[in-house]
Amino acid sequence: MSVDILFTPIVLGALKLPNRIVMPALTRMRAGPGGVPTALNAEYYAQRASAGLNITEATAISVQGHGYPNMPGIHSAAQVAGWHAVTDAVHECGGRIVQQIVHHGRWSHSSYNPDGSLPVAPSAITPPGHAYTAQSAQVPYETPRALETSELPFIVATFRQAARNAIEAGFDAVEVHGANGFLLDQFLQDGSNHRTDEYGGSIENRSRLLLEVMDGISNDIGSDRLAVRLSPHGNLGGLSDSATIPHFNYVITELSKRRLAYLHLIEPRASSAGIADDASVDSADNASLFRGLFAGPVVTAGGYTAPTGAQTISSGLADAVAFGRMFIANPDLVERIRKSAPLNVFDRATSYGGGARGYTDYPRLMELADAE
Ligand SMILES: Cc1cc2nc3c(=O)[nH]c(=O)nc-3n(C[C@H](O)[C@H](O)[C@H](O)COP(=O)(O)O)c2cc1C
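First, a word on what this report is: a plain description of the structure on this page. The structure displayed is predicted, hence computed values, not measured ones.

1. Overview of the overall build of the chain
Piece 1. A tally of helices and strands in the chain yields eleven helices and 15 strands.
Piece 2. By the compact-globule yardstick of 21 Å for 372 residues, the chain fits well, its C-alpha radius of gyration being 19 Å.
Piece 3. Overall, the C-alpha framework of the chain stretches about 60 × 45 × 40 Å when taken along its three principal axes.
Piece 4. A buried classification covers 59% of the 372 residues belonging to the chain.

Now the structure itself:
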């Protein structure tokens, strides 16, 4: 299968991509104190600026929205300044960069809140597994506090402020994280949302918070600079839905009306945030199921190789393809795909936390050639 189609330009809303090879959001837990991006973070993103599009790691919209140690935020002036150095570095290398914004909801821990208050969620249901505290200890998840209906406008306002901050920091667009079991996904899926107000129960009600967030941000920064990521059939964070297909049919049909820059779908075969190595997690194919419902561009992610990604674009199931682990290990992934060159192998052990090792020291082809 020729991979030439990956090298054809594509327009995603206000973004003009020279190729269809996308670096998706990849949490690396290497921000500086206070969730402020550092010069090392700028170097990492700049190394990968030849991607058609760079998307940042999930970045917290508020103190309450943090959920991993050394996760960056976009809610303080210092964070905006730190991110500006990142966007400048990527733009100087000729790239485009989008900020993914998130609230961790029940996946957070009280240690992130200065007053020690509990994490918040749609319902007081304890997720399975372990949280990382702000001090990097692994502890069982706490039972979150269910958000009051009267607090939800504040959650929407916080997402809006974070998106405005991202634009101030020089980002080309914002991707709302509605996937992988974080707060907005917790509202979408009925395994985690047992509410009885207008944000729970029916499919329409459970979609309300996400759509309010999208409409608010769209009003502030323009729908052509706004995107969303969803993971139907994903089970991260213990999420589940009793009627995934009708539910996401509704959500995606509604999102389609909003004329967004793109819809980013994660395939369940790369569930566990792409940490699963096998392709057997779930046989559902989200691109096949949902692409037809979305009028704008679709980016797809999850276990692709260059040939399978090119095939998916050729068959009309997506417009661009994201490569997660391959981009971690190959800063010059675009060049390697173009030349059909061998790939560096992803080192799982250095995924989360630490310094330059496993972050900015994966060699480029050029460096490998010099070493020979
Ligand atoms: C180390 C790591 C961190 C990730 N962090 C995020 C994240 O912050 N936000 C997100 O939406 N997805 C995240 N993902 C999922 C990836 O964006 C991508 O969807 C997944 O890796 C599947 O693509 P792949 O099979 O090409 O790796 C992460 C994946 C990995 C491996």
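2. Looking at helix H6 (residues 244-256)
Piece 1. Between the first and last C-alpha of H6 there are 18 Å, a value that for 13 residues agrees with the 18 Å anticipated at 1.5 Å per step.
Piece 2. Of the residues making up H6, those classed as buried are Thr-244, His-247, Phe-248, Val-251, Ile-252, Glu-254, Leu-255 and Ser-256.
Piece 3. Contact partners of the buried residues in H6: helix H4 (183-188), helix H5 (203-221), strand S12 (226-230), strand S13 (262-266) and helix H7 (286-290).

3. With respect to the nonpolar core
What tends to happen in soluble globular proteins is that the nonpolar side chains get buried as a cluster.
Piece 1. Of all hydrophobic cores here, the largest spans 75 residues; its most connected members are Ile-101, Val-176, Leu-210, Leu-230 and Leu-255.
Piece 2. Ignoring any residue separated from it by four or fewer positions in sequence, one finds Leu-210 in contact with Val-176, Leu-184, Leu-188, Val-228, Leu-230, Val-251 and Leu-255.
Piece 3. Ranked by size, the runner-up nonpolar core spans 17 residues in total, among them Leu-15, Val-22, Ala-25 and Ala-301.

4. Examining the pairing of strand S6 (residues 97-102)
Piece 1. Most of S6 sits inside the fold, with six of its six residues counted as buried.
Piece 2. Direction of pairing for strand S4 (residues 53-55) relative to S6: parallel, over a ladder of two bridges. Bridge pairing links Ile-55 to Val-98 in S6.
Piece 3. As paired strands, strand S5 (residues 59-60) and S6 are joined by two bridges and run parallel to one another. Along S6, the bridge assignment pairs Thr-59 with Ile-101.
Piece 4. Looking at chain direction, S6 and strand S11 (residues 173-177) are connected through four bridges and run parallel. Bridging from a neighbouring strand, Gln-100 pairs with Glu-175 of S11.

5. Quick notes on unusual backbone geometry
Piece 1. Phi at Asn-70 takes a positive value of approximately 55°, unusual for a residue other than glycine.
Piece 2. Note that Asn-70 resides in the loop between S5 and helix H2 (77-92).
Piece 3. Looking at Asn-70, the relative accessible area reads 42%, which means it is partly exposed.
Piece 4. Positive phi values are uncommon outside glycine, yet Arg-259 reaches one of about 50°.
Piece 5. Arg-259 sits in the exposed class, given a relative accessible area of 68%.

6. Considering the packing of helix H1 (residues 39-47) against H2
Piece 1. Interaxial distance between H1 and H2 falls to 8 Å at its minimum, and their mutual angle equals 30°. Taken together, H1 and H2 sit at an angle that is classed as roughly parallel. The hand of the H1/H2 crossing is right-handed. Contact residues: H1 offers Asn-41, Ala-42, Tyr-45 and Ala-46, while H2 offers Trp-83, Ala-85, Val-86, Ala-89 and Val-90.
Piece 2. Residues belonging to the contact of H1 with H2 are distributed by class as follows: eight nonpolar, one polar and no charged.

7. Some remarks on the environment of Glu-254
Piece 1. If you trace the backbone, Glu-254 turns up in helix H6.
Piece 2. The sequence separation of Glu-254 and Phe-294 amounts to 40 residues, and the corresponding C-alpha distance is 8.8 Å.

8. Some remarks on the environment of Phe-323
Piece 1. Examined against the element boundaries, Phe-323 turns out to sit in the loop between strand S15 (320-322) and helix H9 (324-329).
Piece 2. Here Phe-323 is in contact with Ile-21, Val-22, Met-23, Pro-24, Tyr-304, Thr-305, Ala-306, Leu-333 and Ile-337, once residues within four sequence places are set aside.

9. Quick notes on the packing of aromatic side chains
Piece 1. In the structure shown here, the tally under the stated rule is seven aromatic pairs.
Piece 2. Centroid distance Tyr-44 to Tyr-45: 4.9 Å. Interplanar angle 75°. Geometry classified as edge-to-face.
Piece 3. For Tyr-44, a relative accessible area of 0% gives the class buried.
Piece 4. Judged by relative accessible area, Tyr-45 falls into the buried class, the value being 0%.
Piece 5. Cluster of aromatic residues (ring-pair linked, three or more members): Tyr-44, Tyr-45, Trp-83, Phe-171 and Tyr-359.

10. Things to note about the pattern of salt bridges
Any two side chains of opposite charge can pair if their charged atoms end up close together.
Piece 1. Counted under the stated rule, the structure contains twelve salt bridges.
Piece 2. Between Arg-206 and Asp-241 there is a salt bridge, with the nearest N and O atoms lying 2.8 Å from each other. Note that Arg-206 is positioned in helix H5 and Asp-241 in the loop between S12 and H6, a separation of 35 residues in sequence. Asp-241 shares its class with Arg-206; the two are buried.
Piece 3. Here Glu-254 ties to Lys-257 by a salt bridge, and the two come within 2.6 Å at their closest N and O atoms.
Piece 4. For Glu-254, a relative accessible area of 14% translates into the label buried.
Piece 5. Here the salt bridges share partners, and the residues they tie into one network are Asp-215, Glu-254, Lys-257 and Arg-258.

11. Side note on the environment of Ile-167
Piece 1. If you trace the backbone, Ile-167 turns up in helix H3 (residues 152-168).
Piece 2. Its relative accessible area of 31% is what places Ile-167 among the partly exposed residues.
Piece 3. C-alpha of Ile-167 to C-alpha of His-84: the two residues are 83 residues apart in sequence and 9.5 Å apart in space.

Calculation notes
- Residues numbered from 1 in each chain as written.
- Predicted model: local features only at pLDDT ≥ 70, side-chain atom pairs only at ≥ 80, totals over all residues.
- Heavy atoms only, no water.
- Helix = DSSP H or I, 4+ residues; strand = E, 2+ residues; numbered from the N terminus.
- Rg over C-alpha atoms; globule rule 2.2 N^0.38 Å.
- Buried < 20%, exposed > 50% of the residue type's maximum accessible area, 1.4 Å probe, protein only.
- Expected span 1.5 Å × (residues − 1).
- Contact = heavy atoms within 4.5 Å.
- Core = buried A, V, L, I, M, F, W, Y, C linked by side-chain atoms within 4.5 Å.
- Pairing = 2+ DSSP bridges.
- Axes fitted to C-alpha atoms, helices over the stretch in contact; angles between N-to-C directions.
- Parallel < 35°, antiparallel > 145°, perpendicular 65-115°, else oblique.
- Left-handed = near helix turned anticlockwise from the far one by under 90°.
- Nonpolar A, V, L, I, M, F, W, Y, C, P; charged D, E, K, R; others polar.
- Phe/Tyr/Trp six-rings, centres within 6.5 Å; stacked < 30°, edge-to-face > 60°.
- Salt bridge = Lys/Arg side-chain N within 4 Å of Asp/Glu carboxyl O.

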